[in-house]
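# Structural characterization, general
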Amino acid sequence: MEPLHPEPATARSAAMTEPAMPVRTTGAPTATTIWRSIATSGYASVFVLAAVILVVFPLTLDVFRLNLMGKYLTYAFVAIGLVMAWGYGGVLSLGQGVFFGLGGYCMAMFLKIEASDPVSTKIQSTPGIPDFMDWNQLTALPFWWKPFHFLPFAIAATFVIPTALAFVIGFAMFKRRVGGVYFAIITQAVALILSVLIIGQQGYTGGVNGITDLRTLLGWDIRTDSAKLILYFVNAVLLIGAIVGCRLVQRSKLGTLLLAMRDKEDRVRFSGYDVAMFKVFAFSLAALLAAVGGAMFTLQVGFMSPSFVGIVPSIEMVIFAAVGGRMSLVGAVYGAILVNLGKTYFSESFPNLWLFLMAALFIGVVMAFPNGLAGLYESHVKGWLARRLSGSASKRGSTTQH
């Protein structure tokens with residue numbers, strides 16, 4: 001039977017003579033496709049950083065150097081906190097060593113109590129208390145040390161105490177509209193006061209030597225190579241998580257308001273927002289991140305001392321963010337790594353000149369790249385990477401058509 005609507009002869013002949021168009025099948029995504037999706041999502045730099053610190057460093061560095069890199073990454077927590085407070089919120093703190101030290105001391109107190117069991121300290125005049133307390137004629141553990149017998153309390157104190165102190169300082173200052181250089185000087189004064197207090201109360205804090213000889217975490221020896229490797233990965237994962245969390249804050253309405261407050265504070269205030277509380281939030285978030293870095297430093301390095309609390313280390317922490325780029329979370333991590341790598345290399349190779357070389361490194365980077373390493377990426381690497389991706393995509397498209 002003939003069809004009700006016969007196909008025209010010209011159409012049939014054209015269908016038989018023309019080659020069939022290739023049918024694009026949906027297969028497994030290629031590496032380029034995956035990379036393009038990551039790049040368009042805005043997390044390409046985070047992905048690269050995660051690959052570097054979670055894959056490249058563990059495969060290429062020995063345990064000693066990897067533990068040293070883990071130490072550098074603890075400083076990166078402070079640097080990304082400064083990006084949020086200084087870069088986004090316009091709150092420059094020159095006393096972040098206070099919160100780094102407090103977080104480290106909270107963890108060190110738990111570890112020191114565990115290391116000071118009666119068996120290990122039986123040669124002391126008073127067994128069962130830290131050695132520096134026994135040296136200073138203390139006969140009992142102070143009452144405010146006793147809760148640090150418990151790890152959950154020590155972890156909670158690591159988060160709560162530095163954040164609460166930052167909230168009190170920020171609330172007292174920002175509600176009175178104290179900001180800018182005056183706030184920076186006040187944070188320096190707090191750092192100086194805390195370092196003097198720690199050194200002066202030697203019987204309770206370990207004094208200038210700090211809290212040392214930390215051995216175990218719930219019976220797990222943190223001095224072994226395997227423990228150092230595990231702690232490095234824990235530190236790296238926490239750092240990536242902190243960056244992702246801060247990135248989410250930046251992309252939220254809160255992040256937009258922080259930027260607006262930094263650039264046009266009065267306009268944000270006249271719009272009905274409480275500018276002071278936004279600054280308190282940024283400062284407290286930076287303190288929280290610094291405290292996490294301090295706790296991880298104590299676990300990986302095995303001690304905590306007032307040398308990480310004072311003015312000089314606090315200014316060094318600002319340098320980490322400045323070198324990496326005060327608007328870039330990932331750049332701040334690279335800044336912390338670069339500055340500390342330079343410090344280690346110069347001190348090992350040029351022990352008499354390393355301070356001058358570090359100064360030259362910092363000045364050179366800032367003069368050549370005013371926006372830090374992140375500015376170098378934006379001006380040179382990002383465009384080249386985009387061209388490479390578009391070029392590979394066009395080549396793949398032409399191959400598919402043929």
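Refer to the structure printed above.
Described below are features of the structure shown in this document. (Residues numbered from 1 in each chain as written. Predicted model: local features only at pLDDT ≥ 70, side-chain atom pairs only at ≥ 80, totals over all residues. Heavy atoms only, no water.)

### A few points about helix 13 (residues 275–301)
In this model, helix 13 (27 residues) spans 39 Å end to end at C-alpha, consistent with the 39 Å of a helix rising 1.5 Å per residue. Within helix 13, 23 of the 27 residues are buried, leaving the element largely enclosed by the surrounding structure. Of the residues flanking the end of helix 13, it is G302, one or two places downstream, whose phi is positive at about 95°. (Helix = DSSP H or I, 4+ residues; strand = E, 2+ residues; numbered from the N terminus. Expected span 1.5 Å × (residues − 1). Buried < 20%, exposed > 50% of the residue type's maximum accessible area, 1.4 Å probe, protein only.)

### With respect to the packing of aromatic side chains
According to the stated counting rule, one finds 20 aromatic pairs in the structure shown. Geometrically, the ring pair formed by F167 and F171 is stacked, given 5.8 Å between the ring centres and 20° between the ring planes. Taken together, the residues F167 and F171, both in helix 7 (residues 151–174) and four residues apart, mark about one turn of the helix. You can call F167 partly exposed: its relative accessible area is 39%. Accessibility expressed as a relative area gives 37% for F171, which makes it partly exposed. Considering the side-chain rings of F303 and F308, the 5.9 Å spacing of their centres and the 50° angle between planes classify their relative orientation as tilted. Counting every residue linked through ring pairs, the aromatic cluster contains Y75, F100, F297, F303, F308 and F320. (Phe/Tyr/Trp six-rings, centres within 6.5 Å; stacked < 30°, edge-to-face > 60°.)

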